[in-house]
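Here's the letter readout for the chains.
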Amino acid sequence: MQGSDFFETDFQGTGAIMASLHVITHPLIEAKLTRMRDVDTPSAEFRSLLKEISLLMGYEITRDFQMKTIEVQTPIQKGEFPTLKEDFFTIVPILRAGLGMVDGLLELMPFAHVGHIGLVRNEETHMPEEYYYKMPEGFESSVVMVVDPMLATGGSACDALSSLKARGCTNLRLVNLIAAPQGIEAVQQAHPDVDIYVAAVDQGLNDQAYIVPGLGDAGDRVFGTR
Ligand code: PRP
Ligand code: URA
């Protein structure tokens, strides 16, 4: 991996320290994302690309996972070797589009648990409404990765993060494919403790609160509903 660029962003110039924004840059991620943006890319390919990018982003999202040392007998000799300190991680897709990111991350972390939050933006107010919530037992003390391809106004992400915090979660990170500056700012204002990982920061939002240039409606493109 080429790694990720860190920004302790301060969009409002308040000087307050915000959680880090990690813009994950890599030639494969960028090329695949460009293909996803193309209006002519069919759903089947869009889904595969989303899965592949999620897996690639996974390397950076997990970079700071805590480690411990264990004793292992190799065919040659015994030694002390690094392994993950925790064995409980939770991936939380925001339905629907977030589902498209789960398989790629599970390929990387097959031991992870998956919880679901169903949110849909009201098409007139653009405000999210929760319609589903189901988490794995005991997930509150795990590292929780909230995933959704699009961070537009930030309303859905902020609601999902608040809902998880209200249920006792303290170790949260947010993973998006494309973010608008407005969405990043909204999350950083409401949840300054949550690191955000994105593959691209786009120009802004149009009057329908869609990301510009973006890739359109992620849920519709993943599931071929429009
Ligand atoms: C999309 C997207 C995010 C949300 C982003 O979902 O997947 O969840 O919009 O917008 P926001 O940052 O302004 O809240 P949508 O509500 O369209 O539901 P869907 O995934 O079921 O299509
Ligand atoms: N939701 C999407 O799917 N796309 C956008 O650009 C904004 C919200």
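Residues numbered from 1 in each chain as written. Chains lettered and ligands numbered in written order. Predicted model: local features only at pLDDT ≥ 70, side-chain atom pairs only at ≥ 80, totals over all residues. Heavy atoms only, no water.

### Focus: the side chain of Ser-156
Stated formally: Starting at the N terminus, helices and strands are each numbered in turn, a helix being any DSSP run of H or I of at least four residues and a strand any DSSP run of E of at least two. We call a residue buried when its accessible area falls under 20% of the maximum for its residue type, exposed when it is over 50%, and partly exposed in between, using a 1.4 Å probe and counting protein chains only. The contact definition used throughout considers only heavy atoms, calling two residues in contact when any of these lie within 4.5 Å.
Mapped onto the elements, Ser-156 comes out in helix H4 (residues 155-166). The class of Ser-156 is buried, set by a relative accessible area of 16%. Discounting chain neighbours no more than four positions away, the residues touching Ser-156 are Ile-94, Leu-119, Arg-121 and Pro-128.

### With respect to the packing of aromatic side chains
The way to describe two aromatic rings as a pair is by their centre distance and the angle between their planes. Stated precisely, the cut-off is as follows: Here a pair means two rings of Phe, Tyr or Trp (six-membered ring of Trp) with centres within 6.5 Å. Their orientation is stacked below 30 degrees between planes, edge-to-face above 60, and tilted elsewhere.
Throughout the structure, instances matching the rule amount to two aromatic pairs. Taking 4.4 Å as the distance between ring centres and 10° as the angle between the ring planes, the aromatic pair formed by Phe-65 and Phe-89 counts as stacked. In this pair, Phe-65 sits in the loop between helix H2 (43-61) and strand E3 (67-73) while Phe-89 sits in strand E5 (residues 89-95), placing the two residues 24 residues apart along the sequence. Phe-89 sits in the buried class, given a relative accessible area of 2%.

### A few points about the site of ligand 1
To be explicit about the condition: We call a residue near a molecule or strand as soon as one heavy atom of that residue lies within 4 Å of the molecule or strand. Counting of polar contacts relies on pairs of N or O atoms within 3.5 Å, with two restrictions inside protein: one atom must be capable of donating a hydrogen and the other of accepting it, and residues adjacent in sequence are counted only when both atoms are side-chain atoms. Accessible surface is estimated by sampling points in the Shrake-Rupley manner with a 1.4 Å probe; for residues, cover comes only from the protein chains shown. Note on residue categories: nonpolar means Ala, Val, Leu, Ile, Met, Phe, Trp, Tyr, Cys or Pro, charged means Asp, Glu, Lys or Arg, and polar means any other residue, Gly included.
Contacts to ligand 1 come from 16 residues, most closely from Arg-121, Asp-148, Thr-153, Gly-154 and Ser-156. The contact in question runs from an oxygen atom of ligand 1 to an N or O atom on the side chain of Asp-148, over 2.4 Å. The separation between an oxygen atom of ligand 1 and a polar main-chain atom of Gly-154 is 2.9 Å. When isolated, ligand 1 has an accessible area of 500 Å², and the protein chains bury 92% of it. For the shell around ligand 1, the elements supplying multiple residues, two or more each, are strand E7 (116-121), strand E10 (150-151) and H4. For the shell around ligand 1, the class distribution of residues is seven nonpolar, five polar and four charged.

### Observations regarding the site of ligand 2
The local shell around ligand 2 consists of Arg-121, Met-150, Ala-152, Ala-209, Tyr-210, Ile-211, Gly-216, Asp-217 and Ala-218. At 2.7 Å from an oxygen atom of ligand 2 is found a main-chain nitrogen or oxygen belonging to Ile-211. Interatomic distance of 2.8 Å between a backbone N/O atom of Ala-218 and an oxygen atom of ligand 2. Isolated, ligand 2 exposes 240 Å² of accessible area, and the fraction of that covered by the protein chains is 89%. A breakdown of the residues in the shell around ligand 2 according to their chemical character gives six nonpolar, one polar and two charged.

### Things to note about unusual backbone geometry
With an omega dihedral of 0°, the bond running from Leu-95 to Arg-96 counts as a cis peptide bond. Within the element layout of this structure, Arg-96 appears in the loop between E5 and helix H3 (102-108). Each neighbour pair has its own omega, and for Val-212 with Pro-213 the value is 0°, a cis peptide bond. If you trace the backbone, Pro-213 turns up in the loop between strand E14 (211-212) and helix H6 (218-223).

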